[in-house]
Number of protein chains: 2
Amino acid sequence: MEKKSQYLELDNLDTQILSILMNDASVPYTEIAKKLVVSGGTIHVRMKKMEELGIIRGSNLIINPQSVGFDICAFLGIYLEKGSQYKTAVEQLKQVKEVVELHYCTGQYSMFAKIICRDTNHLRHVLNEDIQAIKGIARTETIISLEESIKRQISLI
Amino acid sequence: MEKKSQYLELDNLDTQILSILMNDASVPYTEIAKKLVVSGGTIHVRMKKMEELGIIRGSNLIINPQSVGFDICAFLGIYLEKGSQYKTAVEQLKQVKEVVELHYCTGQYSMFAKIICRDTNHLRHVLNEDIQAIKGIARTETIISLEESIKRQISLI
DNA sequence: GTTGAAAAGTGCTGCGA
DNA sequence: TCGCAGCACTTTTCAAC
C-alpha cells in the first residue's frame, strides 16, 4: 500500500526550490538554478521527483476575485443532524460551485466551509437555496469576511 | 492609460482562459488556443491585458502540506479587546509564519485565521507562545480540521 | 547525483489583413 | 482586432563525470 516515508526524501535543495515556486510558479528553472548555484538539469530532476512523490499537486493562476465580480467571502459553520451524514453532505456540497474549501473538523461545528459569492443577494441564494436544502444539514452560522489581511502559503524555511 | 471599471472588460474568451489556467497554470498558450479556437497570439494579448488590469495576481505551485510534514490545519476565531487594535494585531500576526490566512470579519469573532502546523506540539506552541502573546488579543477559539474535503478556486463559468 | 549542451517545445513580437 | 511566422527563451533529454 504505502511506498516510502513521504517527506524524509526532501533535502535543503528541494525545500528551497519549492519555496521559490510556491510564491511564483513562473520563475524559470534556469533562474532558480543560478540562485541556488546548481545546474538547470538538477532543478528539473528534483521537480520531477517531487511530482512523482505527490509532493507537488499542481499550479494555480491566482486571480483577484473582486476584479471578476466576486466581492463576498464568507465562512460557514455547518451543523449536521448526525455525524454519519458527513459523506453524503460532502458530495452535495461539491456540487455547490461557490464552496471553495470544506473541512471536517473538531469543535462546535461538524463541518466548516469557505464560500465566495458575487454579492449579498448571491450569498443569500447560495445559503437558502443550495446549502440549507442539503439533506443532513441542520443549521449553519455565517461569518462574513470584510477584509482579507493575509493570504499566503506555508513557509518551508 | 487611465483605470477603467475593472471587470466589465472581461468577455467570454477571457473568462475561459482564466478558468483553464486557474486549475493548472502550466497549460501552454498554444493548447488553450486550440481548445478555444483562436490563435496563440490572442491568448497572449488577453493574458497581458488581464495582468495589466490587476485581475491576475500571479501563480502558485501547490504542494501537499502533509507531504512536507505539516499535518495540522486549524482555524482560529480571535477575540480582540478593542476593535481599534485590529491594525497592530494584523501586523503582528503577519510575523507568525504559520498563519496562512487572516480575515477581519462580522459575527462573534473580530478576526479569523487559518493556521498550518507540523503537529499538535507545534500548534500548541504557536497558540500559546506566538498568538496569545500578541497585544490586543483577548482570547481565541480553535477549530481543528481533520480532513480537507474540498479545495478549489471559484468557478467563473 | 550532477553537469552542460543539444533537441524539442513554448512564449513573444511585428507585419499584414 | 486578429492571425501568422520567425526569433528568443525555456524545458527536456542524455551522455559523461
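Residues numbered from 1 in each chain as written. Chains lettered and ligands numbered in written order. Predicted model: local features only at pLDDT ≥ 70, side-chain atom pairs only at ≥ 80, totals over all residues. Heavy atoms only, no water.

1. Section: the UniProt feature "domain: HTH asnC-type" (unreviewed entry) in chain A
Under the UniProt annotation, "domain: HTH asnC-type" (unreviewed entry) lies at residues 10-71 of chain A. Within the segment residues 10-71 of chain A, helix and strand shares are 53% and 13% respectively, and the terminal C-alpha atoms sit 39 Å apart. (UniProt positions renumbered as here; feature names shortened; annotations may be inferred. Helix = DSSP H or I, 4+ residues; strand = E, 2+ residues; numbered from the N terminus.)

2. A closer look at the interface of chain B and chain A
Taken together, the contacts link 64 residues of chain B with 64 residues of chain A. Taken together, both faces of the contact between chain B and chain A bury some 6,200 Å²; the carbon and sulfur share is 58%. At the boundary of chain B and chain A, one finds four salt bridges. Among the salt bridges present, the one from Glu101 of chain B reaches Lys114 of chain A, with a minimum N-O distance of 2.7 Å. If you look at where chain B meets chain A, you find 42 residue pairs in polar contact (both at pLDDT 80 or more). Within the residue set of the side of chain B that touches chain A, elements represented by two or more residues are α1 (12-23), β1 (56-63), β2 (72-80), α4 (86-94), β3 (99-105), β4 (111-117) and β5 (137-151) of chain B. Here the side of chain B that touches chain A gets 10 residues from one element, more than from any other, and that element is β5 of chain B. Looking at the side of chain B that touches chain A residue by residue, the class counts come to 35 nonpolar, 18 polar and 11 charged. (Contact = heavy atoms within 4.5 Å. Buried area = accessible area lost by both parts, 1.4 Å probe. Salt bridge = Lys/Arg side-chain N within 4 Å of Asp/Glu carboxyl O. Polar contact = N/O pair within 3.5 Å; in protein donor to acceptor, adjacent residues only side chain to side chain. Nonpolar A, V, L, I, M, F, W, Y, C, P; charged D, E, K, R; others polar.)

3. Notes on the sheet that holds strand β2 (residues 72-80) of chain A
One closed barrel holds the eight strands; their spatial order is β2(A)-β4(A)-β3(A)-β5(B)-β2(B)-β4(B)-β3(B)-β5(A), and the pairing between them is antiparallel. On average, adjacent strands in this sheet sit at an angle of 35° to one another, irrespective of strand direction. α4 of chain B rests against β5 (137-151) of chain A together with β2, β3 and β4 of chain B of the sheet, and its axis sits at about 80° to β5 of chain A. Against the sheet, helix α5 (residues 120-131) of chain B contacts β2, β3, β4 and β5 of chain B, and its axis sits at roughly 140° relative to β4 of chain B. (Pairing = 2+ DSSP bridges. Axes fitted to C-alpha atoms, helices over the stretch in contact; angles between N-to-C directions.)

4. A few points about the protein's contact with DNA strand D
Around DNA strand D, the structure places Pro28, Tyr29, Thr30 and His44 of chain A together with Val38, Ser39, Thr42 and Arg46 of chain B. Atoms of DNA strand D within 4 Å of the protein: sugar and phosphate make up 86%, bases the balance. A distance of 2.7 Å separates a phosphate oxygen of DNA strand D from a polar backbone atom of Tyr29 of chain A. Considering only residue class, the surface near DNA strand D consists of three nonpolar, four polar and one charged. (Near = heavy atom within 4 Å.)

5. A look at the layout of surface pockets
Approximately 530 Å³ is the volume found for the second largest pocket. In terms of lining, the second largest pocket is formed by 25 residues, of which the most central are Ala25 and Ser26 of chain A together with Ala25, Ser26 and Ser59 of chain B. Elements with a contribution of two residues or more to the lining of the second largest pocket: α3 (40-52) and β1 (56-63) of chain A together with α3 (40-52) and β1 of chain B. For the lining of the second largest pocket, the per-class residue count stands at 15 nonpolar, six polar and four charged. (1 Å grid on protein atoms, 1.4 Å probe; cavity = no way out; pocket = protein on both sides within 12 Å on 5 of 7 lines; lining within 4 Å. Points joined across faces, edges and corners; volume = space filled by probe spheres on them.)

6. Remarks on the domain arrangement of chain A
By a widely used convention, the size of an interface equals the accessible area lost when the partners come together. Entries for chain A in the domain assignment read domain 1 (12-52) and domain 2 (65-145). Here the C-alpha centroids of domain 1 of chain A and domain 2 of chain A sit 37 Å apart. (Domains from an automatic or database assignment.)

7. Focus: the side chain of Thr140 of chain B
Looking at the element boundaries, Thr140 of chain B is found in strand β5. Once residues lying within four places of it in the same chain are set aside, the contact partners of Thr140 of chain B are Leu76, Gly77, Ile78, Ile131 and Gln132 of chain B.

8. Concerning the environment of Lys49 of chain B
Residue and element names in this part refer to chain B. Its place among the elements puts Lys49 in helix α3. Sequence separation between Lys49 and Thr15 is 34 residues; the distance between their C-alpha atoms is 13 Å. Within the structure, the side chain of Lys49 is placed 2.9 Å from the side chain of Asp14, a separation counted as a polar contact.

9. Observations regarding the relation of the copies chain B and chain A
Between chain B and chain A, the superposition needs a rotation of 180° and an axial shift of 0.0 Å, giving an RMSD of 0.1 Å. Expressed as a symmetry operation, the mapping of one chain copy onto the other fits a two-fold axis. Proximity to the rotation axis, assessed at the C-alpha, singles out Asn60 of chain B in chain B; its C-alpha lies 2.7 Å from the axis. Comparing interface residues between copies, 100% of those in chain B also sit at the interface in chain A, which points to an isologous, same-surface contact. (Least-squares fit on C-alpha atoms with pLDDT ≥ 70 in both.)

10. So, the protein's contact with DNA strand C
The immediate surroundings of DNA strand C are formed by Val38, Ser39, Gly41, Thr42 and Arg46 of chain A together with Pro28, Tyr29, Thr30 and His44 of chain B. Each atom of DNA strand C within 4 Å of the protein was classed as base or backbone; sugar and phosphate made up 87%. A distance of 2.7 Å separates a phosphate oxygen of DNA strand C from a polar side-chain atom of Arg46 of chain A. One of the backbone N or O atoms of Tyr29 of chain B is found 2.8 Å from a phosphate oxygen in DNA strand C. At the level of elements, α3 of chain A together with α2 (29-36) of chain B are the ones that each hand at least two residues to the surface near DNA strand C. Grouping the amino acids of the surface near DNA strand C by side-chain chemistry returns three nonpolar, five polar and one charged.

11. Considerations on the environment of Ser149 of chain B
Summarising the element assignment, Ser149 of chain B is placed in strand β5. A distance of 2.7 Å separates a polar atom in the side chain of Ser149 of chain B from a polar atom in the side chain of Tyr86 of chain A.

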